[in-house]
Amino acid sequence: MDDEPTTMHAPGRTGGAGVEMQVDDETFRVGPGQYGGTHYDWVSGPNPGYGFSSSGAFADADAAEHEESIRLFLSAIDPETGYIGD
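If you're wondering where the values come from, they're calculated on a predicted model, not measured in any experiment.

Draft legend 1. Focus on the overall build of the chain. The helix and strand inventory of the chain stands at one helix and five strands. When the helices and strands of the chain are placed in sequence order, the string is β-β-β-β-β-α. Within the span of the chain, comprising 86 residues, buried residues form 36% of the whole. For the chain, long-range pairs separated by at least 24 residues make up 29% of all intrachain contacts whose partners lie at least 6 apart in sequence. With an accessible surface of roughly 5100 Å², the chain has 49% of that area assigned to carbon and sulfur atoms.

Okay, structure coming up:
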């Protein structure tokens, strides 16, 4: 994980400080989202702009908690479509 905060703007995000994280060979930008939650932008994913948000505040979770959220998201991805499966 890069310890240097970056500025991010993506759907669901309010902008501001965030971090880039590598989890299971995938890259995510993680930072504050709308309404005080956290937005996870799947940078290395096959579908531009795809990711997810959570209601938990970005600053309230440590790196291990963010990694767990990302792994849960990735486990739901259909490898054929790159989107959450049914």
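Right, picking up where we left off after that structure.
Draft legend 2. Seen up close, unusual backbone geometry. Residues other than glycine seldom take positive phi values, yet D24 does so here, at roughly 50°. Of note, D24 is situated in the loop between strand 2 (17-23) and strand 3 (26-32). Even without a glycine there, the phi angle at D25 is positive, about 65°. Counting through the fold element by element, D25 comes out in the loop between strand 2 and strand 3.

Draft legend 3. Here's a closer look at the pattern of salt bridges. In this structure the tally under the stated criterion is four salt bridges. What you see here is one network of salt bridges that share partners, running through E20, R29 and D41.

Draft legend 4. Region of the structure containing the pairing of strand 4 (residues 38-42). For strand 4, the tally of buried residues reaches five of five residues, placing the bulk of the element in the interior. Of the two faces of strand 4, both are covered, the one formed by T38, Y40 and W42 as well as the one formed by H39 and D41. Pairing between strand 3 and strand 4: five bridges, direction antiparallel. Bridge pairing links F28 to W42 in strand 4. Taking the residues that link successive antiparallel strands as the turn, the strand 3-strand 4 hairpin has five residues, and the phi of Y35 there is positive, at about 60°. Looking at chain direction, strand 4 and strand 5 (residues 51-54) are connected through four bridges and run antiparallel. Across the sheet, residue D41 finds its bridge partner in strand 5, namely G51.

Draft legend 5. Just a negative patch on the surface, in detail. Residues D60, D62, E65 and E68 make up a contiguous surface patch of negative charge. As for its placement among the helices and strands, E65 is situated in helix 1 (residues 63-75).

What counts and what doesn't
- Residues numbered from 1 in each chain as written.
- Predicted model: local features only at pLDDT ≥ 70, side-chain atom pairs only at ≥ 80, totals over all residues.
- Heavy atoms only, no water.
- Helix = DSSP H or I, 4+ residues; strand = E, 2+ residues; numbered from the N terminus.
- Buried < 20%, exposed > 50% of the residue type's maximum accessible area, 1.4 Å probe, protein only.
- Contact = heavy atoms within 4.5 Å.
- Areas by Shrake-Rupley, 256 points an atom, 1.4 Å probe, with all protein chains shown as cover.
- Salt bridge = Lys/Arg side-chain N within 4 Å of Asp/Glu carboxyl O.
- Pairing = 2+ DSSP bridges.
- Patch = residues over 30% accessible without salt bridge, like charges linked within 9 Å, V, L, I, M, F, W, Y side chains within 5 Å.
- Lys, Arg positive; Asp, Glu negative; His and termini not counted.
- Charge placed at Lys NZ, Arg CZ, Asp CG, Glu CD.

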